[in-house]
Amino acid sequence: MKAIIDNKLYDTDKAEMTYEYTEAESCAANIKIYKTSKDNYFQEISVFASNTLNTLSVDQVKEVLSKRAPDKYIELFGEVEEA
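Presented here is a report on the structure given in the accompanying data block. (Residues numbered from 1 in each chain as written. Predicted model: local features only at pLDDT ≥ 70, side-chain atom pairs only at ≥ 80, totals over all residues. Heavy atoms only, no water.)

Attention shifts here to the overall build of the protein. The helix and strand inventory of the protein stands at two helices and six strands. When each of the 83 residues of the protein is scored for burial, the buried share is 33%. Look at the contacts in the protein between residues 6 or more apart in sequence, and 26% of them connect residues 24 or more apart. With an accessible surface of roughly 5800 Å², the protein has 46% of that area assigned to carbon and sulfur atoms. (Helix = DSSP H or I, 4+ residues; strand = E, 2+ residues; numbered from the N terminus. Buried < 20%, exposed > 50% of the residue type's maximum accessible area, 1.4 Å probe, protein only. Contact = heavy atoms within 4.5 Å. Areas by Shrake-Rupley, 256 points an atom, 1.4 Å probe, with all protein chains shown as cover.)

Here's what the structure looks like:
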């Protein structure tokens, strides 16, 4: 899937999918987070037969991964201090 957002092309075929999850609270949306070759993040949201692409900030990606996939967070952003 492709979309132009803020005059930039985002393409799921050319970006690296870094994480995928299902958000049960929003009609079982399947969400895939992608990273482009220029280190920009975006998400593909699939609900029923409808797909949408939205950009994500690094902070938004960190927020999702910190709650859902701590190991992936560390893989992408480095080690964090232990409590």
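Here we take up the pattern of salt bridges. Once their charged atoms are close, side chains differing in charge can pair, the charge on each being opposite to the other. The full count for this structure, using the stated rule, is four salt bridges. The closest approach of N and O atoms between K35 and D39, which form a salt bridge, is 3.5 Å. Judged by its relative accessible area of 48%, D39 is partly exposed. (Salt bridge = Lys/Arg side-chain N within 4 Å of Asp/Glu carboxyl O.)

What follows covers the sheet that holds strand 5 (residues 41-47). Taken in spatial order, the four strands make up an open sheet running 3-4-5-6, and their pairing is antiparallel. Among the strands making up the open sheet, the edge pair consists of strand 3 (16-23) and strand 6 (50-56). If you compare each strand with its neighbour and ignore which way they point, the axes differ by 20° on average. Bridge analysis of strand 3 against strand 4 (residues 29-35) gives seven bridges, and the strand direction is antiparallel. (Pairing = 2+ DSSP bridges. Axes fitted to C-alpha atoms, helices over the stretch in contact; angles between N-to-C directions.)

Within the secondary structure, D11 sits in strand 2 (residues 8-11). Of the buried charged residues, D11 lacks a salt bridge, with K2 as the closest side chain of opposite charge at 4.2 Å. Separated by 2.8 Å, the side chain of D11 and the backbone nitrogen of D13 make a polar contact. (Lys, Arg positive; Asp, Glu negative; His and termini not counted. Polar contact = N/O pair within 3.5 Å; in protein donor to acceptor, adjacent residues only side chain to side chain.)

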